[in-house]
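Examination of the molecular architecture
Each chain is listed here by its residues.
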Amino acid sequence: MLRSKIGGIGYYVPEKVVTNHDLTKMMDTTDEWVQERTGIVERRYGKKHEETTTTMAARAAEIAIERAGIQKEEVDFIIFATLSPDYYFPGCGVLLQRELGITGNEAGALDIRNQCSGFLYGLSVADQFVRTGMYKNVLLVGAEMHSMGLDFSTRGRNVTVIFGDGAGAVVLQPTEEDNQGILTTCLHSNGAYAEKLAFINPGAHGGYHASYQEEEVDYGYPDVEFGEMFITQRMMDEGMLFPYMDGPFVFKMAVQKFPEVIMEALEKAGQKKEDINMFVPHQANLRISQFVQRRLGLRDDQVWNNIQKFGNTTAASIPIALCEAYEAGAIKPGDLVCLAAFGSGFTWGAALLRW
Ligand code: UT7
């Protein structure tokens, strides 16, 4: 039976370390608050005017490609998950192709907009391509340059302290080995809560206040012409160009949906929670990961957390953590690895794979 396996994996985080103490110089927050509520001690920020989401992705991809034992030109499809793309359009997939210097092979490139679960959605898509025999070397990347678009005033503190920059990449390849590869992926969404964790401006909503909005938000549209609604002066003046999160609401949903989708994946693959050797959760909040760990009955050495060092890197968090675990020798051939994520959309999912 043809399955897809992770043939190569790599990650890249920028050099610049930003501690909680560094953030206290810009906003009203404390190291104690951030550590107690999230587990985060520090995160990385990309180098201004030098690094972008795409350049970080390329560094991670180069490592993954080399470990997969292929030449860059042999990548026959690119999938790029990010919520912080270099451009509004085109997406980072084609920019990565150019950054890697492989435009000559004209491989397809697909961008995924599923935020925290973007890597899992990408993994599922890549898996289908490989299983069907359509592609042999699918490069999947999750990368974020959050630091470019955060509100560093006290107003944005609940969101800003959480996020960090980085990139992770895998190359999916076919395998016919019995005990290897992706066993299953489960994907879900519920758009009813789209604005609970969102970055809605700039956008083509045109100030339309759909039923979802609990409070009326005046974007100042009556004053602007039709063609100028995408990004308005008012959005800039009043700080409407930053992400918003209803943290407690997202937290409550996350601790419900993580275990639910993991149990679904286990059942689908005919496995039990006791069979999991390594759990690599999306690094949203250490408290969420610990809650899920307890529900699964896993020991500390069966869960890989690195949010303490890197913060929440959204689409990059799972491949970075998975790569770290692999490099540390914490995942061995034949191990059952469980990946899971929950985030903006809401979208969430889980994957089970035999290493
Ligand atoms: O990866 C995508 C998915 N995202 C998540 O899963 C995130 C889920 N949510 C969370 O992780 C948590 O809700 C947060 C870490 C974001 C916030 O923690 P919380 O315990 O839910 O705090 P809160 O939002 O309920 O705020 C409690 C208090 C508030 O003050 P008052 O109203 O009680 O006086 C906030 O204003 O903490 C205040 N606060 C802060 N204080 C210091 C919020 N952010 C900060 C801050 N520093 N950075």
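All of the points below concern the structure found in this document. This one's a predicted model, so the numbers in the text were calculated from it and none came from an experiment. Within every chain, residues take consecutive numbers counted from 1 along the sequence as written. Note on the predicted model: pLDDT of at least 70 is required for a residue's local features to be given, and 80 or more for side-chain atom pairs to be given and counted; whole-chain, interface and lining totals, by contrast, use all residues.

Strands pair, by our definition, only if DSSP identifies at least two bridges between them. Here a strand is any run of E in DSSP of at least two residues, a helix any run of H or I of at least four, and the numbering for each starts at the N terminus. Taken in spatial order, the four strands line up as β8-β13-β12-β11 in an open sheet, and their pairing is mixed. With partners counted over all chains shown, the strands left at the sheet margins are β8 (181–189) and β11 (278–281), one partner each. Within this sheet the neighbouring strands show an average axis-to-axis angle of 10°, counted without direction. Relative to strand β13 (residues 347–354), strand β12 (residues 336–343) is paired through eight bridges, and the arrangement is antiparallel. Note that in β13 the partner of F342 across the bridge is W348. Once C-beta atoms have been placed from the backbone, residue pairs whose C-beta atoms lie within 7 Å are recorded as contacts. An axis is simply a line fitted to the C-alpha atoms; with a helix, the fit covers only the stretch in contact. Between two such axes, the angle follows the N-to-C directions and lies from 0 to 180 degrees. Those strands touched by helix α5 (residues 118–131) are β8, β12 and β13, and its axis lies near 130° from that of β8.

Moving on, we come to the sheet that holds strand β6 (residues 138–144). The sheet built from five strands is open, its strands ordered β1-β7-β6-β4-β5 with mixed pairing. Edge positions in the open sheet fall to β1 (3–12) and β5 (108–112), since each of these has one partner strand only. Here the strands of the sheet are splayed against their neighbours by 20° on average, with no regard to which way each runs. The sheet contact formed by strand β4 (residues 77–81) and β6 spans five bridges and is parallel. Note that in β6 the partner of F80 across the bridge is V141. Against the sheet, helix α3 (residues 53–67) engages β1, β4, β6 and β7 (166–175), with an angle of about 130° to β1.

A word on the site of the ligand. In the neighbourhood of the ligand, 19 residues make up the surrounding shell, with T29, R157, N158, G247 and A284 lying closest. Secondary-structure elements contributing two or more residues to the shell around the ligand are α2 (31–38), α6 (157–160) and α8 (247–268). Ranked by residues supplied to the shell around the ligand, first place goes to α8 with five residues. Any residue whose backbone-placed C-beta atom lies within 6 Å of a molecule or strand is treated as near that molecule or strand.

Quick look at the packing of α3 against helix α4 (residues 92–99) now. Between α3 and α4, the shortest axis-to-axis distance is 9 Å and the interhelical angle comes to 60°. By the angle class used here, α3 and α4 are oblique. The element α3 and its partner α4 pack so that their crossing is right-handed. In contact with T53, T54, T55, A57, A58 and A61 of α3, α4 contributes C92, L95, L96 and E99. Three residue categories are used. Nonpolar comprises Ala, Val, Leu, Ile, Met, Phe, Trp, Tyr, Cys and Pro, charged comprises Asp, Glu, Lys and Arg, and polar comprises the others, including Gly. Of the residues contributing to the contact of α3 with α4, the split by class is six nonpolar, three polar and one charged. Each angle receives one of four descriptions, namely roughly parallel if under 35 degrees, roughly antiparallel if over 145, roughly perpendicular if within 65 to 115, and oblique otherwise. Helix crossings get a hand from a simple test, with the near helix turned counterclockwise from the far one by less than a right angle marking a left-handed crossing and a clockwise turn marking a right-handed one.

Running from N to C, α8 and helix α9 (residues 286–296) cross one another at 35°; their axes reach a closest spacing of 10 Å. Where α8 crosses over α9, the two elements pack in a sense that is right-handed. Across the interface between the two elements, F251, A254, V255, F258, P259 and I262 from α8 touch I288, F291, V292, R295 and L296 from α9. Across the contact of α8 with α9, the residue classes tally to 10 nonpolar, no polar and one charged.

Before going further, it helps to spend a moment on the nonpolar core. The term nonpolar core refers to a group of buried residues, namely Ala, Val, Leu, Ile, Met, Phe, Trp, Tyr and Cys, whose C-beta atoms join them within 7 Å. Residues are called buried when their C-beta atom has 20 or more other C-beta atoms within 10 Å, exposed when it has 12 or fewer, and partly exposed otherwise; all C-beta atoms are positioned from the backbone. Grouped together as the largest cluster of nonpolar side chains are 99 residues, with contacts concentrated most on A57, A60, V138 and V141. Among the elements that line this core, the one with the most residues is α5, at eight residues. With residues near it in sequence (within four places) discarded, V138 still touches F77, I79, A126, F129, V130, V171 and L172.

Moving on, we get to α8. The end-to-end C-alpha distance of α8 is 31 Å, a good match for the 32 Å that 22 residues give at a rise of 1.5 Å each. Looking at the residues trailing α8, positive phi occurs at G270, about 65°. Any helix carries an expected span of 1.5 Å times its number of residues minus one.

For the rest of this paragraph, the subject is the environment of T53. Mapping T53 onto the fold places it in helix α3. Overall, the presence of 30 C-beta atoms within 10 Å leaves T53 in the buried class. With 34 residues separating them in the primary sequence, T53 and Y87 have C-alpha atoms 9.8 Å apart. For T53, the residues in contact, after removing those within four places along its chain, are T82, S84, P85, D86, C92, A143, E144 and M145.

Next up on the list: unusual backbone geometry. Negative phi characterises most residues that are not glycine, and trans characterises most peptide bonds. With omega at 0°, the peptide bond leading from F89 into P90 counts as cis. Cis geometry marks the peptide bond from N201 to P202, where omega comes out at -5°. By the secondary structure assignment, P202 is in the loop between β9 (197–198) and α7 (233–237). The phi angle at H49 is positive, at roughly 65°, despite the residue not being glycine. Its place among the elements puts H49 in the loop between β3 (42–45) and α3. Given 6 C-beta atoms within 10 Å, H49 falls into the exposed group.

Note that all results are geometric; they support no functional claim without further evidence.
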